[in-house]
Amino acid sequence: NILVMGTDARPVDTKEPTAPHSQKCYEQQEKGEAPHAPCSDGEYRADTLMVVRAGGGTFNKLPIPRDTFAEIPGEQPQKINAAFAFGGAALQIKTIEQFLGIQVDHVAIVDFTGFEDLIDAVGGVTVNLKHKLGGEIGGGAGGGQGGLTLRLGKGENTLDGQQALVYARTREPSPCPGPGKSAVAFGYDDFDRAQAQQEVINGIKDRL
């Protein structure tokens, strides 16, 4: 069992308002350390949680919605991804093991920069969309906060690292320009986002 944690750690120099306050805080998130001074406020959570079971010729994935209500050792029951904010990767592992009744054998921690770099290194990923999709992160490309905008058509789309990151992060799609309906009209939610993240993982596997 491999626990994949996608943290919302991003470089300090990004213009997004939720960027770390210092390089040390960024490195804490990046390494999955428990929050400690000078970054002991625990404001960052595991943005994505997925258990991958690999071996015996199989490759299965179980996404865990980040808003899932769960018992966190030593804390009040709350959203499962808060474990990372309280105790870093170690507490997130214990929480997942307790929640699913499994043993986590390996851990992969991926932040935004690492995610983009990996996808670019394998030559991008191809995803297949049932509907056109418009996504905006951090207020979009025109928001003045270093945000990103993505517009994808129905069917196969090949994404580079930055595009794949926006696709995997999108929770509330925005209307797409031109005729037709955006994914918002089809009730796009956290489960769809989890499916999108699995498609990206499949795309990486196919490239490899």
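Residues numbered from 1 in each chain as written. Predicted model: local features only at pLDDT ≥ 70, side-chain atom pairs only at ≥ 80, totals over all residues. Heavy atoms only, no water.

Draft legend 1. Structural context of the side chain of N157. Within the secondary structure, N157 sits in strand β10 (residues 155-159). Exposure remark for N157: the relative accessible area of 13% places this residue in the buried category. Among the polar contacts made by the side chain of N157, one reaches the main-chain carbonyl oxygen of G153 at a distance of 2.8 Å. Setting aside chain neighbours within four positions, we find N157 in contact with V125, T126, V127, L129 and L152. (Helix = DSSP H or I, 4+ residues; strand = E, 2+ residues; numbered from the N terminus. Buried < 20%, exposed > 50% of the residue type's maximum accessible area, 1.4 Å probe, protein only. Polar contact = N/O pair within 3.5 Å; in protein donor to acceptor, adjacent residues only side chain to side chain. Contact = heavy atoms within 4.5 Å.)

Draft legend 2. Structural context of the packing of helix α3 (residues 112-121) against helix α4 (residues 161-169). Where α3 contacts α4, the axes come no closer than 8 Å and their chain directions differ by 125°. In terms of orientation, α3 lies oblique with respect to α4. Here α3 runs over α4; the crossing is right-handed. Residues F112, F115, E116, I119 and D120 of α3 form the contact with α4, whose participating residues are G161, Q162, A164, L165, A168 and R169. Its residues assigned to classes, the contact of α3 with α4 comprises 6 nonpolar, 2 polar and 3 charged. (Axes fitted to C-alpha atoms, helices over the stretch in contact; angles between N-to-C directions. Parallel < 35°, antiparallel > 145°, perpendicular 65-115°, else oblique. Left-handed = near helix turned anticlockwise from the far one by under 90°. Nonpolar A, V, L, I, M, F, W, Y, C, P; charged D, E, K, R; others polar.)

Draft legend 3. Quick look at the sheet that holds strand β3 (residues 58-63). Taken together, the 4 strands give an open sheet; going across it, the order is β3-β2-β1-β6, and neighbouring strands pair in mixed fashion. For this open sheet the edge positions go to β3 and β6 (106-110), each flanked by a neighbour on one side alone. With strand direction ignored, the average angle separating the axes of adjacent strands in the sheet is 20°. Against the sheet, helix α2 (residues 82-100) makes contact with β1 (2-7), β2 (46-55), β3 and β6, and its axis sits at roughly 140° relative to β1, the strand it touches most. (Pairing = 2+ DSSP bridges.)

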